[in-house]
Amino acid sequence: MSKVAVVWWSGTGNTEKMANAVAEGAREKGAEVMMTGPAGFGGADVSSYDAIAFGCPAMGAEQLEEEEYQPMWDEVKGSLSGKKVALFGSYGWGDGEWMRLWADEARSAGADLVSDGLMLNGEPDEDGEADCKALGGALA
């Protein structure tokens, strides 16, 4: 049984809904899933998981949330070499630049990305939830 961490932050609840669907998809494939916010995850935790899903919405000028999520990301990204990783998040404006930059950082850190990042505009609809479950399944 694989162990998957889903590390997420949400301001409006949209990315939280995505995180729940990612976790559900991983569980459906038999993974043991741990869900946490950024305060509950650090560099020392990376080696405890076979795969990690990181979820954060686009904030400000298309960037990760700065108070909690960015500091956690900065700490863990150096430990991601060879680790199976998925990125996801919601947005309400822009063209997805935050996700492209985030995926580039993850690749530069040596992460094995299962996709280029899953972005959903606003609240996940039925198709969006299915995409999130598929992403979780790909991690398991």
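Residues numbered from 1 in each chain as written. Predicted model: local features only at pLDDT ≥ 70, side-chain atom pairs only at ≥ 80, totals over all residues. Heavy atoms only, no water.

Engineer: Please set out the overall build of the protein residue by residue, giving values where relevant.
Structural biologist: Counting secondary structure elements, the protein contains four helices and six strands. Going residue by residue from the N terminus, the α and β elements of the protein occur as β-α-β-β-α-β-α-β-β-α. Projecting the C-alpha coordinates of the protein onto the three principal axes gives extents of approximately 40 × 30 × 25 Å. Per-residue burial for the protein yields a buried fraction of 49% across its 140 residues. Long-range contacts, defined here as pairs at least 24 residues apart, represent 77% of the contacts in the protein between residues at least 6 apart. Only carbon and sulfur atoms are counted for the fraction: they give 44% of the accessible area of the protein, which is about 6400 Å². (Helix = DSSP H or I, 4+ residues; strand = E, 2+ residues; numbered from the N terminus. Buried < 20%, exposed > 50% of the residue type's maximum accessible area, 1.4 Å probe, protein only. Contact = heavy atoms within 4.5 Å. Areas by Shrake-Rupley, 256 points an atom, 1.4 Å probe, with all protein chains shown as cover.)

Engineer: Describe the pattern of salt bridges, naming the residues involved and giving the relevant values.
Structural biologist: For the structure shown, the criterion picks out seven salt bridges. One salt bridge in this structure joins Lys133 and Glu24, with 3.1 Å as the shortest N-O distance. A residue pair is termed long-range when its members are at least 10 positions apart, and Lys133 in helix H4 (residues 126-139) and Glu24 in helix H1 (residues 14-28) qualify at 109 residues. A residue is classified by how much of its surface remains accessible, and Glu24, at 35% relative accessible area, is partly exposed. One salt bridge in this structure joins Asp116 and Arg107, with 2.5 Å as the shortest N-O distance. Note on Arg107: relative accessible area 38%, which makes it partly exposed. (Salt bridge = Lys/Arg side-chain N within 4 Å of Asp/Glu carboxyl O.)

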